[in-house]
Every structure is written in C-alpha cells, then in structure tokens.
Amino acid sequence: MSTSLSGPGSATRNPGREPVGSGLPRKSRTARNHAPITLTGLIVKVVLLGLVAGIALWAAFPLIEAKMWTGLAILVATTAVLFYLYLTRRHIPAKYLVPGTLFLIAFQIFPVLYTASTAFTNFGDGHRGSKDDAIVAIQSSSVKQVPGSAEYALSIATKGDPATGPLVFLVTDPKTREVSAGDAGGLRKLDPGQFTVTPTGKVTAADGYTVLNFGQASARSKEITDLVVPTAGGALRSSGLSRAYEGKAIRAYDAGCDCIKDSESGKTWAADEATGSFVAADGDRLTQGWKVAVGLQNFSRVLTDPGISGPFFGTLAWNFAFALGSTGFTFLLGMAIALALHSPRMKGTNFYRVLLILPYAMPSFAMLLVWRDMFNTDFGLINNLFGVGVDWFGGSWSARIAVLLVQLWLGYPYMFLVATGALQAIPRELTEATSVDGASPWQSFKAVTLPLLLVALSPLLIASFAYNFNNVNAILLTTEGGPFAPDNPANGATDLLITYTYRLAFGAQGAEFGLAAAVSIFIFAIVATVSAVSFARTRKQEEVYS
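The structure displayed is predicted, hence computed values, not measured ones.

Peer 1: Teacher, can you tell me more about the pattern of salt bridges here?
Peer 2: Should their charged atoms come close, side chains of opposite charge can pair. Within this structure, the stated rule accounts for 15 salt bridges. Close ionic contact of Asp-183 with Arg-188 constitutes a salt bridge, the shortest N to O distance being 3.4 Å. We note a salt bridge from Arg-301 to Glu-512, for which the minimum N-O separation is 3.2 Å. Of this pair, Arg-301 sits in helix α8 (residues 297-304) while Glu-512 is found in the loop between α18 (497-506) and α19 (513-545), placing the two residues 211 residues apart along the sequence. Of the residues examined, Arg-301 reaches a relative accessible area of 24% and is grouped as partly exposed. Residues joined by salt bridges that share partners form a network here, namely Lys-131, Asp-258 and Glu-273.

Next comes the structure, spelled out in structure tokens:
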C-alpha cells in the first residue's frame, strides 16, 4: 500500500509548474508553526522574557518619579510588543529583526539624537538642571551663620563606600535629643530605635548608615564643607567635623520680580531666560544657572569666537594631516612590503610574514604606552639608540612626528595583510602581458597593479581614515594632546578634534557639554562628507576597471 506524499486533495500538476498560492513556502511556514517546542528553547524564552520584564520594571520607576509619561508609554508599548512577538508562533522574520533594531536605536540612533539636541543648549557646568534647581542651589550656597543660630552635634555617615559614597549628616537636636539624617535633599528624622547616640549627642551608629571615623571624614573634608542640607528655616552646614549649624540664606528668590535678592548688599540679579542665568544690572552673573535652548549659538561660537575658532581650525588642519598621514604612510609601507614578499624570487616569505604581523598581535594601548616611554627625553630608547637628546613631546612638530611614527608602526601590519590578499587576487597574466608589451616594472605597477589594488582597498582606506580621524587612544596615551601653549591649556599641538572635544566636555576648566556636542556635529559632518566623496570616486573606479 502506498500513500501520496502530497496528501489528500492534491491536484495533478504539469512538470516544472507549481500552482500559485500553494506549494513549498506555505508548507514550510505551516511546519514551522507546528514544530514542537523543546525544553531548552522554552527555558531560554522564559529567561529572556523574564529579563525583559525585569529591565522594564527597573526602568519604569525612575520614569514615573520624573513624570516622563512619554518615555513610560514607549517603554510599556515596547515591552508589550516584545511579549506579543515572542509568545506567538507568527512573525518569524520580526523575531530576528526586532532585537537588532532595538539595539540599533538604543546604541546608535538615540546617542546621535541626544548629542544633536544637546548641541542646541547651554548644558554644562552651572547649567545642568532646571531653574528651580538653580534657585535652591543659590539660596543654599548663601547660607551663613548668624547670631542665635542653632548648633548640633554632627556625625558624618554614608550609605555607600566610606571613601566615595554620598555623604549624610547625622545631627542631634540639643533640645529635643531627636536625631535626623540630612543630605542635599533635605532633613529626615530617624526613629529612636534606629541609632545609638552618646550623652554629648554624637551619633555612633545608625541603621543603614556607615558612620565615618575621624580619618575617613578628614579625607573628605572639602565635600563635607560643600554639603548643604536645606531646612525649613534655612540650611545646615558643617562647622568642622563634629559640629553643624543652621544658618540663614542671605540670598532669596523673589517671584514678583523673577530675581534673586541679597539681603545684606541689597543687590538684585534678574532672571535672563535667553541665557539661563541670573544677571545683575552691572553685568554680574551668578554661577548657578539653568539649562535652556540657545539655538545655533554653540555652532556660531565655534566659527566666530576667536578663542574657540582659532584652536578649532588649527586642530582641524592637524586632524586632517594626522588622519591622512596615518592612513597614507601605513598603506605605502604595508603595500611595499606586500609587493616585496609577493615576488616569486623572494624566499622564506612565510617566516617574514609572521614577523611582520607581530605588531598587529600586540595590544595597541600597551604598545602606545611603551612607545611613549621610548620617546622619553632622558631614558627613552630612541634618544639613547641614536645618541640624540630630542625633547620629542616638548616641541609641537617633534611631538607630531613622534605620533605619526607610532601610528606607522602600529598600522602597517594591517595594510600589509590586506594588500597581500589583494595582490594574490590580481591575475599574473595581466602583469606578464605588460612585460610582453615592453613595459618596465614601474610602468606595469602604475598601470595595472596599483589601480586594481585601489579598487579593492579603497573602502578599507576610507574606513581607516575615518577611524584615525577620531583616534582618541593614539593621542591620549602618548602625548595627552600636548604640548600646550602657556596661554591656552585647553588645546594642545597634537590634539585631534575628538580629544579637544573631550577636554571641552570633561576638562578641569569646566564642562561645556553643549559646545562639545556642537563640535561633535562638525566632526560627524566632516567624516561623512569625506567618506561620501571617497566612496563615490571608488564606485567610478570600479566601473572603469570592472
């Protein structure tokens, strides 16, 4: 007895033709929908969906606390879609596409959009929060001890590491003997059973807190001095490491004039919504401000402010020279070595190839540190080997040459490897034909080998240029951007735009995230333009030599 494989109802078909709307694709999809679920697959699905639910709950509470309802709605919708997608047997392609799409949005699109939005604001030191935050900071920082100010026994504590955790004041009211814990968010009373206090009012232990000893508190004395705990009548500040006082704020916000008034001097600072600052009539500006949109001001500063445009365009010129030099020199050296080892007359090529790729096998950050020591003026290998006393990192041009030499050593193995592969793909008949026609080796290389190499390697050269244009490690681990001019410690001779941007954003002279984001936009536009033009030229070359 035999049974038709096509099953009941199957129709007779002409050879080589299938009926529309039926056949293998529909059967395959049906088979996948009814495939048994393995125990391993079920466990993996439960674990991953549980992880998704956990991350969603973890992210939901901060969004609710910050009242970011749009973000919460997106979070809920995304979580619901993920559960729907992976709890059904349908939408097989989407099961593979959605995770990659979410990671693309989270790690590529969102950072780019956030950077772009930051470039249009004054976000930075002194302008990090809202206007209300700025008012609280101004009032708290103006707290002074006045006659009759209440004093408290003080213990310094933290909920984290004693060396780095956020500080908390544990104070004892001398009249009521009540103990309170205070930080920048305010003062909170502790229940009687939660602490241990000495007869002098010193708290020696408290539930959930680590009380710092004298040595630990001394190491963080500046943070203790800067900590201000807002209270109903003013604010608490430390007076040494064992006493605190409740002082009065001499500067207060007046909603009627939308200004800050100083009760001692009578001076007034009016709110300037355009700059996010309180400004006095004489131009004096309070340090604490708030974040506002400033339009194209950051971009305008980059192009027109002499203090920024000068370093920017100087750094841009060196940045192009560095990226072109790093890419060009490594390509020329790697290609020359590849051509030498590609010659049939060369013996022991495998041995040489192993030796030549050794620099590529070393961790680049370690090699950068080694090369930094090798260029040391006093004990560096370079000066001792050649018997010179060059201060490599002390002069602008010597530092730039040193950086390019390090890049040449680090980068030529990669170019050697890719050039070797590309050379092996070029038929020898082409070069032999040019020899038959009477061309010299140089003419053969110029007319045949080099154009075909460039067709194959141009995308890699473009990628190498883009990488070196933003090569932070090469600069920070060797010269740290130096040497610096005495009048401009924010911009060094070997700084790239990306390291200059890093110094603007996180430098010791005060963070300017908005300005740094604007410079990042310029870097993105430059690299994108160069890459687009280069790819267009590469496409034309491919059409010519294909």
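Peer 1: Would you explain the nonpolar core in this entry?
Peer 2: A general trend in soluble globular proteins is that nonpolar side chains are found buried together. Core analysis: the biggest nonpolar cluster contains 20 residues, and Phe-469, Leu-497, Leu-504, Val-519 and Ile-523 have the highest contact counts within it. Of all elements in the fold, only α9 (306-342), α16 (441-469), α18 and α19 reach the threshold of two or more residues within this core. No other element matches α19, which puts 7 residues into this core. Residues within four places of Val-519 in sequence aside, it is in contact with Val-302, Phe-312, Leu-497, Thr-501 and Leu-504. One finds Ile-337, Ala-338, Ala-419 and Leu-423 within the second-largest nonpolar core, a separate group that totals 18 residues.

Peer 1: Looking at this structure, I do not really get the sheet that holds strand β14 (residues 268-272). What am I missing?
Peer 2: Strands in a sheet are paired, the pairing made by backbone hydrogen bonds, and the direction either parallel or antiparallel. Spatial ordering of the open sheet is given by β12-β13-β14-β15, a layout of 4 strands whose pairing is antiparallel. With one partner strand each, in any of the chains shown, β12 (251-254) and β15 (277-280) form the two edges of the open sheet. Averaged over all neighbouring strand pairs, the angle between strand axes comes to 30°, with direction disregarded. Pairing analysis gives 3 bridges linking strand β13 (residues 259-262) to β14, with the strands arranged antiparallel. The residue of β14 that forms the bridge with Cys-259 is Ala-270. Here helix α5 (residues 131-141) sits on the sheet and contacts β12, β13, β14 and β15; the angle it forms with β12, its principal contact strand, is near 150°.

Peer 1: Looking at this structure, how should I read the state of the cysteines?
Peer 2: Here a disulfide denotes one covalent bond, and it connects the sulfur atoms of two cysteines. On inspection of all chains with the given rule, the structure shows 1 disulfide. There is a disulfide in this structure between Cys-257 and Cys-259, and the S-S distance comes to 1.9 Å. Given an S-S torsion of about -45°, the disulfide between Cys-257 and Cys-259 has left-handed geometry.

Peer 1: Can you help me understand a nonpolar patch on the surface in this one?
Peer 2: Taken together, the side chains of Ile-37, Leu-39, Leu-42, Ile-43, Val-46 and Val-47 present a nonpolar region at the surface, about 590 Å² in accessible area. Looking at the secondary structure, you find Leu-39 in helix α2 (residues 39-65). Looking at Leu-39, the relative accessible area reads 64%, which means it is exposed.

Peer 1: It is not clear to me how the pairing of strand β7 (residues 203-206) should be interpreted in this structure. Could you clarify?
Peer 2: Regular strands show a simple pattern: their side chains alternate between the two faces of the sheet. Where strand β6 (residues 195-197) and β7 come together, 3 bridges link them in antiparallel fashion. Bridging across to β7, Thr-196 finds its partner in Ala-205. The turn joining β6 and β7, which pair antiparallel and follow one another in sequence, is formed by 5 residues; a positive phi near 95° is taken by Gly-201.

Peer 1: Looking at this model, I keep getting lost on the confidence of the model for the chain. Mind explaining?
Peer 2: Reading fine detail from the predicted coordinates is not recommended where pLDDT is low. In this model, the chain carries a mean pLDDT of 85, and residues with pLDDT of at least 70 account for 92%. Confidence scores differ between elements of the chain, with helix α1 (residues 24-33) showing the lowest mean pLDDT of 55 and β14 the highest of 94. This model gives residues 1-25 a pLDDT under 50, and the stretch forms 4 contacts once residues within four places in sequence are excluded.

Peer 1: Explanation requested: unusual backbone geometry in the structure shown.
Peer 2: What is expected of a backbone is that most residues other than glycine have negative phi and most peptide bonds are trans. Cis peptide bonds are those with omega within 30 degrees of zero, and the linkage from Gly-482 to Pro-483 qualifies with 5°. With a phi angle near 60°, Lys-67 is a residue other than glycine that sits in the positive phi range. With respect to the helices and strands, Lys-67 occurs in the loop between α2 and α3 (69-87). Residue class for Lys-67 comes out exposed when judged on its relative accessible area of 61%. Phi at Glu-480 is positive, roughly 55°, even though this residue is not glycine.

Peer 1: Would you take a moment to explain α2 for this structure?
Peer 2: For an α-helix, the turn length of 3.6 residues means that residues three or four places apart are oriented alike. Under the 1.5 Å per step criterion, the end-to-end length of α2 is 40 Å for 27 residues, consistent within 8% with the ideal 39 Å. All of the buried residues along α2 are Leu-49, Ala-56, Ala-60 and Leu-63. Packed against the buried residues of α2 are α3. Positive backbone phi, approximately 60°, marks Lys-67, located one or two places after α2.

Peer 1: Whenever I open this one, the environment of Gln-407 confuses me. Can you help?
Peer 2: Turning to its location among the elements, Gln-407 is positioned in helix α14 (residues 396-424). A C-alpha to C-alpha distance of 11 Å links Gln-407 and Pro-359, two positions 48 residues apart in sequence. Ignoring anything within four residues of it in the chain, the contact list for Gln-407 reads Phe-322, Ser-326, Thr-330, Leu-368, Asn-468, Asn-471 and Ala-474.

Peer 1: I tried to follow the pairing of β12 on my own but got confused; where do I start?
Peer 2: Here β12 runs beside β13; their pairing, made up of 4 bridges, is antiparallel. Each bridged residue has a counterpart across the sheet, and for Ala-252 the counterpart in β13 is Lys-261. Between the end of β12 and the start of β13, which pair antiparallel, lie 4 residues, with Asp-258 showing a positive phi angle near 50°.

Peer 1: What's the story with the packing of α9 against α14 in this structure? I'm lost.
Peer 2: How two helices sit against one another is set out by the angle between their axes and by the gap between those axes. Axis separation between α9 and α14 bottoms out at 6 Å; the angle between their running directions is 45°. One finds that α9 runs oblique with respect to α14. For the pair α9 and α14, the crossing hand works out as right-handed. The residue inventory of the contact of α9 with α14, partitioned by class, reads 18 nonpolar, 10 polar and 1 charged.

How each quantity is defined
- Residues numbered from 1 in each chain as written.
- Predicted model: local features only at pLDDT ≥ 70, side-chain atom pairs only at ≥ 80, totals over all residues.
- Heavy atoms only, no water.
- Salt bridge = Lys/Arg side-chain N within 4 Å of Asp/Glu carboxyl O.
- Helix = DSSP H or I, 4+ residues; strand = E, 2+ residues; numbered from the N terminus.
- Buried < 20%, exposed > 50% of the residue type's maximum accessible area, 1.4 Å probe, protein only.
- Core = buried A, V, L, I, M, F, W, Y, C linked by side-chain atoms within 4.5 Å.
- Contact = heavy atoms within 4.5 Å.
- Pairing = 2+ DSSP bridges.
- Axes fitted to C-alpha atoms, helices over the stretch in contact; angles between N-to-C directions.
- Disulfide = S-S within 2.5 Å.
- Patch = residues over 30% accessible without salt bridge, like charges linked within 9 Å, V, L, I, M, F, W, Y side chains within 5 Å.
- Areas by Shrake-Rupley, 256 points an atom, 1.4 Å probe, with all protein chains shown as cover.
- pLDDT = per-residue confidence, 0-100.
- Expected span 1.5 Å × (residues − 1).
- Parallel < 35°, antiparallel > 145°, perpendicular 65-115°, else oblique.
- Left-handed = near helix turned anticlockwise from the far one by under 90°.
- Nonpolar A, V, L, I, M, F, W, Y, C, P; charged D, E, K, R; others polar.

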